[in-house]
Amino acid sequence: MAEGRAFLSFAEELRDEPVIILDLRGNGGGNGFMGQRWFYALLGENVPANFVRLTAEQYAGPRIVPPENTHHDRREDIEQFTHERDFYGHALIEGPKDRIVPNERLIIILADRGAASAGEGMVDLAFNMENTLVIGQNTSGAHAFNRSYPQGRTLPRSGIYFGFGRSMTLWPENHFAEGIGLAPDIWAQGDALAAALQLIINN
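None of these values were measured; they are calculated from a predicted model.

Peer 1: What should I look at first to understand the environment of Ala116 in this one?
Peer 2: Mapped onto the secondary structure, Ala116 falls in the loop between β5 (106-111) and α4 (118-125). A relative accessible area of 11% means that Ala116 is categorised as buried. Each C-alpha atom of the pair Ala116 and Leu24 lies 9.4 Å from the other, and the pair is 92 residues apart in sequence. Excluding anything up to four places from it in sequence, Ala116 contacts Asn27, Gly28, Gly29, Ser140 and Ala142.

Peer 1: Explain a nonpolar patch on the surface to me, please; I cannot follow it from the model alone.
Peer 2: Taken together, the side chains of Leu155, Ile160, Phe162 and Phe164 define a hydrophobic patch exposed on the protein surface, amounting to about 400 Å² of accessible area. Its location among the elements puts Ile160 in the loop between β7 (153-154) and β8 (161-162).

Peer 1: Looking at this model, I keep getting lost on the pairing of strand β4 (residues 90-94). Mind explaining?
Peer 2: On a regular strand, each side chain points to the face opposite its neighbour's, so the side chains alternate between the two faces of the sheet. Extensive coverage of β4 is indicated by the burial of four of its five residues. Here three bridges tie strand β2 (residues 52-58) to β4, and the two strands are oriented antiparallel to one another. In the strand pairing of β4, Gln58 is matched with His90. As judged from the five bridges shared by strand β3 (residues 83-87) and β4, these two strands associate in the antiparallel manner. Paired with Phe87 across the strands is His90, a residue of β4. Counting the residues that bridge the hairpin from β3 to β4 gives two residues, and of these Tyr88 lies at a positive phi of roughly 50 degrees.

Peer 1: Can you walk me through the sheet that holds strand β6 (residues 132-136) in this structure?
Peer 2: Pairing between sheet strands relies on hydrogen bonds along the backbone, with the strands arranged either parallel or antiparallel. Taking strand neighbours across the sheet as the criterion, the four strands line up as β1-β5-β6-β10 in an open arrangement whose pairing is parallel. This sheet does not close on itself; its edge strands, each paired only once, are β1 (19-23) and β10 (186-187). In this sheet, β5 lies alongside β1 in parallel orientation, the contact comprising five bridges. Within the sheet, the bridge partner assigned to Asp23 lies in β5 and is Leu110.

Peer 1: Explain the pattern of salt bridges here, please?
Peer 2: Two side chains that carry opposite charge are able to pair once their charged atoms sit near each other. Following the criterion strictly, the structure yields four salt bridges and no others. Notably, a salt bridge pairs Arg85 with Glu94, separated by 2.9 Å at the nearest N-O pair. In this structure, a network of salt bridges that share partners links the residues Asp23, Arg25 and Asp191.

Peer 1: I keep staring at the sheet that holds strand β9 (residues 167-170) and nothing clicks. Help me out?
Peer 2: Pairing within the open sheet is antiparallel, and its four strands lie in the order β3-β4-β2-β9. A single partner strand is all that each edge strand has here, and the edge strands are β3 and β9. Averaged over all neighbouring strand pairs, the angle between strand axes comes to 30 degrees, with direction disregarded. Here β2 pairs with β9 via four bridges, running antiparallel. Looking at the pairing, Arg53 lines up with Thr169 of β9.

Peer 1: I keep staring at the packing of aromatic side chains and nothing clicks. Help me out?
Peer 2: Working definition: an aromatic ring pair is given by the centre-to-centre distance plus the angle between the planes. The full count for this structure, using the stated rule, is five aromatic pairs. With a centroid separation of 5.4 Å and an interplanar angle of 20 degrees, the aromatic rings of Phe7 and Trp38 are classed as stacked. Note that Phe7 is positioned in helix α1 (residues 2-13) and Trp38 in helix α2 (residues 34-43), a separation of 31 residues in sequence. Residue classification places Phe7 among the partly exposed residues on the basis of a relative accessible area of 27%. According to the relative accessible area criterion, Trp38 is buried, its value standing at 1%. Their ring planes at 90 degrees and their centres at 5.1 Å tell us that Phe87 and Tyr88 sit as a pair that is edge-to-face. A network of ring pairs unites the aromatic residues Phe7, Trp38 and Phe39 as a single cluster.

What counts as what
Residues numbered from 1 in each chain as written. Predicted model: local features only at pLDDT ≥ 70, side-chain atom pairs only at ≥ 80, totals over all residues. Heavy atoms only, no water. Helix = DSSP H or I, 4+ residues; strand = E, 2+ residues; numbered from the N terminus. Buried < 20%, exposed > 50% of the residue type's maximum accessible area, 1.4 Å probe, protein only. Contact = heavy atoms within 4.5 Å. Patch = residues over 30% accessible without salt bridge, like charges linked within 9 Å, V, L, I, M, F, W, Y side chains within 5 Å. Areas by Shrake-Rupley, 256 points an atom, 1.4 Å probe, with all protein chains shown as cover. Salt bridge = Lys/Arg side-chain N within 4 Å of Asp/Glu carboxyl O. Pairing = 2+ DSSP bridges. Axes fitted to C-alpha atoms, helices over the stretch in contact; angles between N-to-C directions. Phe/Tyr/Trp six-rings, centres within 6.5 Å; stacked < 30°, edge-to-face > 60°.

Below you can see the structure in the form of structure tokens.
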């Protein structure tokens, strides 16, 4: 989390910049709240995601998050960015209400096939902010289910590792597909950073 805290504090330093390029190429994921927290630190508003998450766990009212949970997120941080409600006995996890968040600066997000899971979750937030462009290639498409919980298993004869995620992410139609990912606003066949810089220079 030391790197996470540095990442969040850097967003605060960028608040007065007219143009920001956020390079998420090769970001294979990690803390699912980091993207929302980063944009909150930058914009001062919760940016909604385009998905909801259905868990296999039974709904039992407001979640009690132990202080030493996997990603070391504080309970108040989790409650600020998501809330749970009952869905036929299971927990449906939602973020803030759908809307386009005002933003006056230009934000360019670079994405590629290496952006996965929480990385592409952060790319997804860009589609709900004004003056934001995603440049590069499709993301990995690894955001339909979470990782195995509490841990996977190994088949006894082949040694193949497998697991079952405890939650499923539900996306709007034609926005995301497993293995295909999120499509950029502008496709860059070569270096997406060079393309983004050229776009800024020309405009």
